[in-house]
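Fold and contact review
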Amino acid sequence: MSASEGEAGALLDLAEFIRAQGIDAEIVAPGVEMPTVDAAAAVLGVPPERIFKSILFQARDGACVMAIACGKARVDAKKLESLAGLARLRLASAEVALAVTGYPAGGTPPIGHRERFPVIVDARVATQPWGWAGGGRKELMVRIASADIVRLTGAIVAEVVVAE
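Residues numbered from 1 in each chain as written. Predicted model: local features only at pLDDT ≥ 70, side-chain atom pairs only at ≥ 80, totals over all residues. Heavy atoms only, no water.

1. Topic: the overall build of the chain
Selection criterion: Numbering of helices and strands starts at the N terminus; helices are DSSP runs of H or I of at least 4 residues and strands are runs of E of at least 2. Restricting the calculation to C-alpha atoms gives the radius of gyration, and the globule rule supplies 2.2 Å times the number of residues raised to the power 0.38. Contacts were defined at the residue level, with two residues in contact if any of their heavy atoms lie within 4.5 Å. Only four residue types enter the tally: Lys and Arg on the positive side, Asp and Glu on the negative side, with His and both chain ends excluded. Note on charges: their place is set at NZ of Lys, CZ of Arg, CG of Asp or CD of Glu.
Across its full length, the chain carries 7 helices and 8 strands. A globule of 164 residues ought to have a C-alpha radius of gyration of about 15 Å, and the chain, at 15 Å, matches this closely. Across the chain, every contact between residues at least 6 apart in sequence was considered, and the portion connecting residues at least 24 apart equals 66%. Both charge centroids of the chain, one from 17 positive and one from 19 negative side chains, sit 5 Å from each other.

The following block contains the structure:
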């Protein structure tokens, strides 16, 4: 391992993690950044509900939790606080997301993070056999089974989005 690989700011390689875990997941590079659910769905030719977004939250004391939701559903911070046992959650900064997950905000995958933290997978994600999630870079997506996300992160499956 080189010195840069051991630094907190070094990017991790999701493809390496997928190979090491032996899971059936595919990373694709459509050739454009996909900053929104709608953009990703359009580029990939799937409905927005097939896009799994991995959102890192941070409590005032620095503890982090990740919520994984699908489509345009908004994560309910109060539900997330209750499920994770953390208070005063807010979106983690891009710098914190990179340091804690090993991936840039906007490309954060649901698996293979640098640090361990609680992961809450929304029930709507868990009911789908697979979806597209951040592939480790802003221009990459990974096709992954929701069951693999739950298994590899030790996630809790619960309703964590704002009721529509």
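2. Comments concerning the pattern of salt bridges
Quick note on the threshold: The term salt bridge refers to a side-chain nitrogen of Lys or Arg lying within 4 Å of a carboxyl oxygen of Asp or Glu. Think of it in three bands: with a 1.4 Å probe and only protein chains considered, a residue is buried below 20% of the maximum accessible area for its type, exposed above 50%, and partly exposed in between.
One pass over the full model with this rule turns up 3 salt bridges. A salt bridge links Asp 38 to Lys 72, with the nearest nitrogen and oxygen atoms 3.4 Å apart. Here Lys 72 lies in the loop between β3 (64-70) and α4 (77-84) and Asp 38 lies in helix α3 (residues 37-44), a separation of 34 residues in the sequence. Using a relative accessible area of 38% as the deciding quantity, one classes Asp 38 as partly exposed. We note a salt bridge from Arg 151 to Asp 148, for which the minimum N-O separation is 3.1 Å. Placement of both Arg 151 and Asp 148 in helix α7 (residues 146-153) is noted, with a separation of 3 residues, approximately one turn of the helix. On the basis of relative accessible area, Asp 148 is assigned to the buried category, the value being 14%.

3. As for the pairing of strand β5 (residues 119-122)
Counted only if it meets this: Should DSSP find at least two bridges between two strands, the strands are regarded as paired.
Every second residue of β5 is oriented toward a common face, with Val 119 and Val 121 on one face and Ile 120 and Asp 122 on the other, all of them buried. As defined by bridge partners, β5 adjoins strand β8 (residues 156-158) across 3 bridges and the pair is classed as parallel. Residue pairing across strands places Val 121 opposite Val 157, the latter belonging to β8.

4. Looking at the nonpolar core
Quick reminder of the rule: Nine residue types can take part in a nonpolar core, namely buried Ala, Val, Leu, Ile, Met, Phe, Trp, Tyr and Cys, and a core is a set of them joined through side-chain atoms within 4.5 Å.
Grouped together as the largest cluster of nonpolar side chains are 26 residues, with contacts concentrated most on Leu 56, Ile 68, Ile 111 and Ile 144. When contributions to this core are tallied by element, the ones reaching two or more residues are α2 (14-21), β2 (51-58), β3, α5 (94-101), β5, β7 (141-145) and α7. For this core, the leading source of residues is β3, giving 4 residues. If you look at the next biggest cluster of nonpolar residues, it comprises 16 residues, including Ala 59, Ala 69, Leu 80 and Ile 120.

5. Examining the packing of aromatic side chains
What counts is decided by this rule: Each pair of aromatic rings taken from Phe, Tyr and Trp, with Trp reduced to its six-membered ring, is defined by centres within 6.5 Å and is described as stacked if the planes are under 30 degrees apart, edge-to-face if over 60, and tilted in the remaining cases. Comment: the charge-over-ring label is applied if NZ (Lys) or CZ (Arg) is within 6 Å of the ring centre and within 35 degrees of the ring normal.
Summed over all chains, the structure comprises 1 aromatic pair. Taking the centre distance of 6.5 Å and the plane angle of 85° together, the rings of Trp 130 and Trp 132 count as edge-to-face. When its relative accessible area of 21% is taken as the criterion, Trp 130 is described as partly exposed. Above the ring of Trp 130, the side-chain terminus of Arg 50 is found at 4.2 Å from the ring centroid. Its guanidinium or amino end placed over the ring of Trp 130, Arg 143 lies 3.7 Å from that ring's centre, counting from NZ or CZ.

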